[in-house]
Amino acid sequence: MKGAFETAIVIFFGMMFLWMGVSMVQVMWAYNQARYMQEYVVSKIERQNRYDADVHALILAGAPDCEHCVLQIAPEETDSRRLKVSVSFPIRISVFGIDATGKTVATTRPVS
């Protein structure tokens, strides 16, 4: 009886830690997808050295697969020649009941 009780405790806590590990992998996967999209957009804008409707269409045509990401491109507050590229993505850790939004932000070099 003692062995079965100890085995049940080990399995219970083991599964809990496994569940937490899978949740953290999902968060890292979402962050990596958002970061990849952000770097892709920055590189397209800097390569074209401009940002207009044509570049926006080019970005959307070849954007990486990031299903739940929200892309925002806006002029930077301090220097209007620079663009601020931000990508928001969901963070869900069901073990702790966390449901939040992460955000990664980058700025381009000055574009004309």
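Reading the values: the criteria
- Residues numbered from 1 in each chain as written.
- Predicted model: local features only at pLDDT ≥ 70, side-chain atom pairs only at ≥ 80, totals over all residues.
- Heavy atoms only, no water.
- Pairing = 2+ DSSP bridges.
- Helix = DSSP H or I, 4+ residues; strand = E, 2+ residues; numbered from the N terminus.
- Phe/Tyr/Trp six-rings, centres within 6.5 Å; stacked < 30°, edge-to-face > 60°.
- Buried < 20%, exposed > 50% of the residue type's maximum accessible area, 1.4 Å probe, protein only.
- Disulfide = S-S within 2.5 Å.
- Patch = residues over 30% accessible without salt bridge, like charges linked within 9 Å, V, L, I, M, F, W, Y side chains within 5 Å.
- Areas by Shrake-Rupley, 256 points an atom, 1.4 Å probe, with all protein chains shown as cover.
- Salt bridge = Lys/Arg side-chain N within 4 Å of Asp/Glu carboxyl O.
- Core = buried A, V, L, I, M, F, W, Y, C linked by side-chain atoms within 4.5 Å.
- Contact = heavy atoms within 4.5 Å.
- Axes fitted to C-alpha atoms, helices over the stretch in contact; angles between N-to-C directions.
- Left-handed = near helix turned anticlockwise from the far one by under 90°.
- Nonpolar A, V, L, I, M, F, W, Y, C, P; charged D, E, K, R; others polar.

A. Focus on the pairing of strand β3 (residues 98-107). Direction of pairing for strand β2 (residues 83-93) relative to β3: antiparallel, over a ladder of ten bridges. Across the sheet, Ile91 pairs through a bridge with Ala100, a residue of β3. Where β2 folds back onto β3 in an antiparallel hairpin, the turn is made up of four residues, including Gly97, whose phi is positive at roughly 75°.

B. Up close: the packing of aromatic side chains. For the coordinates displayed, the defined rule picks out two aromatic pairs. The interplanar angle of 75° and the centroid separation of 5.2 Å between the aromatic rings of Phe12 and Phe13 together place this pair among those described as edge-to-face. Here Phe12 falls in the exposed class, since its relative accessible area comes to 53%. On the basis of relative accessibility, which here comes to 40%, the residue Phe13 falls in the partly exposed class.

C. Inspection of the state of the cysteines at higher detail. Taken as a whole, this structure holds one disulfide when the rule is applied. The side chain of Cys66 participates in a disulfide bridge whose partner is Cys69; the two sulfur atoms lie 1.6 Å from each other. Each member of the pair, Cys66 as well as Cys69, carries the same accessibility label: buried.

D. Region of interest: a nonpolar patch on the surface. A cluster of nonpolar side chains, Phe5, Ile9, Phe12, Phe13 and Phe17, forms an exposed patch at the surface whose accessible area comes to about 550 Å². Mapped onto the fold, Ile9 is located in helix α1 (residues 2-48). On the basis of relative accessibility, which here comes to 35%, the residue Ile9 falls in the partly exposed class.

E. Geometry of the pattern of salt bridges. Under the defined criterion, the tally for this structure stands at six salt bridges. For Glu77, the salt bridge is made with Lys84, and the minimal N-O distance between the two is 3.3 Å. Residue Arg81 pairs with Asp79 through a salt bridge whose shortest N-O separation is 3.7 Å. Taken together, the shared-partner salt bridges connect Asp79, Arg81 and Arg82 into one network.

F. Up close: the nonpolar core. In terms of nonpolar packing, the biggest core is built from 20 residues, with Met37, Val41, Ile45, Cys69 and Phe89 touching the most fellow members. Of all the elements in the fold, those that place two or more residues in this core are α1, α2 (53-62) and β2. Looking at this core, the element that brings in the most residues is α1, giving eight residues. Those residues in contact with Val41 that lie beyond four places of it in its chain are Ile59, Leu71, Ile73 and Val85.

G. Seen up close, the packing of α1 against α2. Contact geometry for α1 and α2: axes closest at 10 Å, N-to-C directions at 145°. The two elements α1 and α2 cross, and the hand of that crossing is right-handed. On α2, the residues that touch Tyr40, Val41, Lys44, Ile45 and Gln48 of α1 are Val55, Leu58, Ile59 and Gly62. Partitioned by chemical class, the residues of the contact of α1 with α2 number six nonpolar, two polar and one charged.

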